[in-house]
Amino acid sequence: MAREKPTEAIRIEKERSQFRQLIARNPNHFGNLESGPKAALKWQPNTKYEQLTCLGYNPDLDQLEAVIEVKLPFGYGGSLCQKGTFEYVRFFIDYGGGWQDVGVVATHVHDIPNANDCAGKPNKPLTYAVSLKLDPHRKCCDTAVMPRVRAILSWEWVPPPLPTWLPPWGSVLDEHIQIKPTNKWWCLFEHVDVTIWDRLKLDPEILKQIVKPIPIPEPDPPPFAELAKLYTMPGGARELKTSVEPHRFGFSELHQVLTAQGVGPELISGKLEQWKNLGLDWAAAVDALDKTQGNVSYEELDCLALDTHREWLVAAFTIKRPSGYSGDLCSKGSLEYVAFWADWEDTCEWEYLGTVAVNVHDIANIPAGGLHYAALLKVDLNPHRRPCAKAKPSRVRAVLSWATPPSTTDPDAVPYWGNCRDTHVQIRPGQPGINLYRIGGIVVTDIDGSSGLTLPSATFENGFAPDALGRPCPFAGRVVVTGPAYSGMYYRVQVRRQNPLTLAWESWANVTTTLNLVSPSLVPFSNAEVMNGFFLYAPDIDNRLAWWDTAGDELWEVRLQRATAPNDASIVDEETHRVQLDNTWPEADINIDSGGNCKDFTQGVTLTGHFVARDKYLGSYSLGTLPFAAPAGQPVPSGGTSQTAVAPGDPWSLNTTGMQPCGYVMIVNVWDRAIVNSASVGHPSSKAVGFCLREK
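Everything in this summary refers to the structure shown in the same document. What you are looking at is a predicted structure, and each value in this text was computed from that prediction instead of being measured. (Residues numbered from 1 in each chain as written. Predicted model: local features only at pLDDT ≥ 70, side-chain atom pairs only at ≥ 80, totals over all residues. Heavy atoms only, no water.)

1. Details of helix α7 (residues 251-259)
Right, on to step 1. Buried within α7 are the following residues: Phe 251, Glu 253, Leu 254, His 255 and Val 257.
Right, on to step 2. In this fold, the buried residues of α7 make contact with α5 (224-232), α6 (246-249), α8 (265-277), α9 (282-290) and β15 (394-402). (Buried < 20%, exposed > 50% of the residue type's maximum accessible area, 1.4 Å probe, protein only. Helix = DSSP H or I, 4+ residues; strand = E, 2+ residues; numbered from the N terminus. Contact = heavy atoms within 4.5 Å.)

2. Digging into the nonpolar core
Right, on to step 1. Of all hydrophobic cores here, the largest spans 47 residues; its most connected members are Ala 315, Phe 317, Val 338, Phe 340, Trp 344 and Ala 375.
Right, on to step 2. Counting residues in each nonpolar core, the second largest holds 41 residues, with Leu 55, Ile 152, Leu 153 and Ile 179 among its members. (Core = buried A, V, L, I, M, F, W, Y, C linked by side-chain atoms within 4.5 Å.)

3. Here we look at the packing of α7 against α8
Right, on to step 1. At their nearest, the axes of α7 and α8 sit 11 Å apart, and the two run at 160° to each other. Between α7 and α8, the crossing angle belongs to the class labelled roughly antiparallel. The element α7 and its partner α8 pack so that their crossing is left-handed. Here Glu 253, Leu 254, Gln 256 and Val 257 of α7 come into contact with α8, specifically with Leu 267, Ile 268, Lys 271, Gln 274 and Trp 275.
Right, on to step 2. By residue class, the composition of the contact of α7 with α8 is 5 nonpolar, 2 polar and 2 charged. (Axes fitted to C-alpha atoms, helices over the stretch in contact; angles between N-to-C directions. Parallel < 35°, antiparallel > 145°, perpendicular 65-115°, else oblique. Left-handed = near helix turned anticlockwise from the far one by under 90°. Nonpolar A, V, L, I, M, F, W, Y, C, P; charged D, E, K, R; others polar.)

4. A closer look at the state of the cysteines
Right, on to step 1. Going through the model one piece at a time under the given rule, you end up with 4 disulfides.
Right, on to step 2. Across the disulfide, Cys 54 is cross-linked to Cys 303 (sulfur-sulfur distance 2.0 Å). Looking along the S-S bond of the Cys 54-Cys 303 disulfide, the torsion reads about 70°, which is the right-handed sense. Of this pair, Cys 54 sits in strand β2 (residues 50-58) while Cys 303 sits in strand β10 (residues 299-307), and the two are 249 residues apart along the sequence. For the pair Cys 54 and Cys 303, a shared accessibility class is recorded, and that class is buried.
Right, on to step 3. Linked covalently through their sulfurs, Cys 81 and Cys 388 form a disulfide whose S-S length is 2.1 Å. Since a negative S-S torsion denotes a left-handed disulfide, the Cys 81-Cys 388 link at about 100° is right-handed. Linking Cys 81 in the loop between β3 (63-70) and β4 (85-94) with Cys 388 in the loop between β14 (371-378) and β15, this pair joins segments that are 307 residues apart in sequence.
Right, on to step 4. In this structure Cys 81 comes out as partly exposed when scored by relative accessible area, which is 43%.
Right, on to step 5. Cys 388 gets classed as partly exposed once you look at its relative accessible area, which sits at 31%.
Right, on to step 6. Between Cys 420, a cysteine without a disulfide, and Cys 303, which holds the nearest cysteine sulfur, the sulfur-to-sulfur distance is 13 Å. (Disulfide = S-S within 2.5 Å.)

5. Side note on unusual backbone geometry
Right, on to step 1. The peptide bond linking Leu 626 to Pro 627 adopts the cis configuration, its omega dihedral lying at 10°.
Right, on to step 2. The omega angle of the peptide bond from Val 636 to Pro 637 is -5°, so this bond is cis rather than trans.
Right, on to step 3. If you trace the backbone, Pro 637 turns up in the loop between β32 (618-626) and β33 (639-640).
Right, on to step 4. Positive phi, close to 60°, is recorded for Asp 346, a residue that is not glycine.
Right, on to step 5. Positionally, Asp 346 belongs in the loop between β12 (334-343) and β13 (351-360).
Right, on to step 6. Exposure remark for Asp 346: the relative accessible area of 3% places this residue in the buried category.
Right, on to step 7. Located in the positive-phi region is Cys 598, a residue other than glycine, with phi close to 60°.
Right, on to step 8. In this fold, Cys 598 is placed in the loop between β29 (587-592) and β30 (600-602).

Right, here's the structure in full:
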């Protein structure tokens, strides 16, 4: 049982407690902008409250991961029952030609009191993971792709897409990752005589586009004699100036004999003879392996954290050496296994959650700091979720083991190669026992039960709010329904519309679109309707239960029913939520009043006109000129977040002083704030009017 520590004096710096006010008065208050007002402070990134500790990459999921340590019990905007604040992480990647921005994600943090857990250990730091899907550049297996990744952690300030930007509160971390090679058929032709394509009158690049990709089969594990030759003969690991011990590259052979039941003397004699013929000492290797425990010279588990939005555990580990992993990228390589354990209720009783594996290889030109990987395990937190006033941190553990899975019964078992990490995580609060997680990308408790619009607290899985101003948002396009999977049970998702004229609810309709899913073990599969609108629950890495392709702008209800069999008589419970749709694009229009549309004007004149930017759920609008931007401060207005009057709309003006002679268009762009396809915000509309600016 966690025991709270005595309340300590809270001393939060003005630069933290008044952060938003300070940068509102002077965006360059901390001196971290390249241009702008004079800096009020000489400030370096401060890691007192939060810090990036690890980066990792899962090559199979193409998932970038960053681990954040939250260190203190205060300074995060309030308790779990209050608003809290956000930690933002922007990722950059460099394949050798300079940094490229690949996106930003966030996680929600709060003030959580210090306490000791059931084992008497402090519950700080709390570790949070943030995840970003990467679309990587791949090459064939004979060329290792090892880009450098940079993550910028920033509290309450979304990092701009500038790799040199420094956050006032947060940190910057660089590491190298390894991209999984492509295994398409054209890799077989990488080293053929290039003149063959001329003789065949074929363009290999066109072939890649028109021929259906055929994966190259996975290679078989190399025989032991081949590994022995690789790591002991000239041209192998010795040329890399590394030493791979026989009990490392021969581990599978040794472990098989040491753990097999009923091993006879004939088998051992055969191994002795085989190893002797290869110039190796079997007995010495057995002794060396017996003395190997928790060795981290080849790989090491560095961090463990929970992604509270994706609800998966993240174990970040480092591959440290160029060899010792059973072959290069064109071979089978070897596996790094990570077993996950949890003590969700802080009872000092570990529960085994599962084991995942990540494929690793020998890479001769491995960077000096090693290569950084991440193992991910989806977890069902629904049974352990608590209301915000009762939520508390949980203990989690990960065990890394090379080449053989860690124990699934003993959380304290030490692997030959690898290590263990413990940490504390905070489960996102909520009501336990719910059957639906999200509708349209938004947690169901953040959708108003009457209007079907989002609440100000709503966020996507990446931590970003659908509307920066906290305004209510409707839904559009494909509405994805997610929730926990109950093994052996069936479910049915139904929808019904409220008639806009009579306000009566119409009949329920089944949502029966076949789902293309990915299992927690990364195997793609389809889940189709069984009968009567019912589906069999199937574990999916993104918890998807239904795809509802919407139309119209009415209020709808979404109902999920659980059943023991695919029929109405077997329904055991149901859950219903409302969703307001908005599949209509916003209205946009613009006209020139001073002289008319598509006319000639002289440099220096001020154009005037009216524009329309309207939608019941308007997000924002902007006005500007193309192909060259208008001077600073022009046009007026340049944008806004409130809809204009009905046609002819609101007035606008453009002072053309300083604009070069050219043919221009004056354009108005309008976005509503509908959540589109459960992932993005805003239907875009635009309207342009032309004019010609002549030299004065």
